[in-house]
Amino acid sequence: DESDEAKGCLCGAALLTAEDESIKIPGVFLVGPSVSQGDLSFCFVYKFRQRFGVVANAICRELGRNTVDAVAECRRMNMYLDDLACCEGACNNC
């Protein structure tokens, strides 16, 4: 359906879960400036690097690791971007 197609810089973007995992190939994650969530694009290095912790957390949890302390430390250093509300008013760029 054409109304569901991404426009502009999101055109052709990979379809990902909230943890940046491929919805087509489970276990494959995407990081970097080509990551987008809905209408939001993580095109700035200081934003997409904040998503590394989200991906690491998802992988570690799948391996049965306890990530509570590591996630808390990443949050403390402002390196864990899972609340995307901060991005909505900034031209849809995270």
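Relevant structure appears above.
Below is a short write-up of the structure. Values in this document were obtained by computation on a predicted structure and should not be read as measured data. (Residues numbered from 1 in each chain as written. Predicted model: local features only at pLDDT ≥ 70, side-chain atom pairs only at ≥ 80, totals over all residues. Heavy atoms only, no water.)

**Brief notes about unusual backbone geometry**
Move 1: Positive phi, close to 65 degrees, is recorded for Asp20, a residue that is not glycine.
Move 2: Classification of Asp20 by relative accessible area gives buried; the value is 0%.
Move 3: Positive phi, close to 60 degrees, is recorded for Asn78, a residue that is not glycine.
Move 4: In this fold, Asn78 is placed in the segment after helix H3 (68-76).
Move 5: On the accessibility criterion, Asn78 (55% relative accessible area) is exposed. (Buried < 20%, exposed > 50% of the residue type's maximum accessible area, 1.4 Å probe, protein only. Helix = DSSP H or I, 4+ residues; strand = E, 2+ residues; numbered from the N terminus.)

**Some thoughts on the environment of Gly32**
Move 1: Along the chain, Gly32 turns up in the segment before strand S1 (36-37).
Move 2: Looking at Gly32, the relative accessible area reads 6%, which means it is buried.
Move 3: The sequence separation of Gly32 and Phe52 amounts to 20 residues, and the corresponding C-alpha distance is 8.7 Å.
Move 4: Apart from residues no more than four positions distant in its own chain, Gly32 is found in contact with Phe42 and Phe48. (Contact = heavy atoms within 4.5 Å.)

**Observations concerning the pattern of salt bridges**
Move 1: Applying the stated criterion across every chain, the model contains 4 salt bridges.
Move 2: In this structure, Arg61 engages Glu19 in a salt bridge whose closest nitrogen and oxygen atoms are separated by 2.7 Å. Of this pair, Arg61 sits in helix H2 (residues 52-62) while Glu19 sits in the segment before S1; the two residues are 42 residues apart in sequence, bridging distant segments of the chain.
Move 3: A residue is classified by how much of its surface remains accessible, and Arg61, at 40% relative accessible area, is partly exposed.
Move 4: Between Arg76 and Glu73 there is a salt bridge, with the nearest N and O atoms lying 2.7 Å from each other. Taken together, the residues Arg76 and Glu73, both in helix H3 and 3 residues apart, mark about one turn of the helix. (Salt bridge = Lys/Arg side-chain N within 4 Å of Asp/Glu carboxyl O.)

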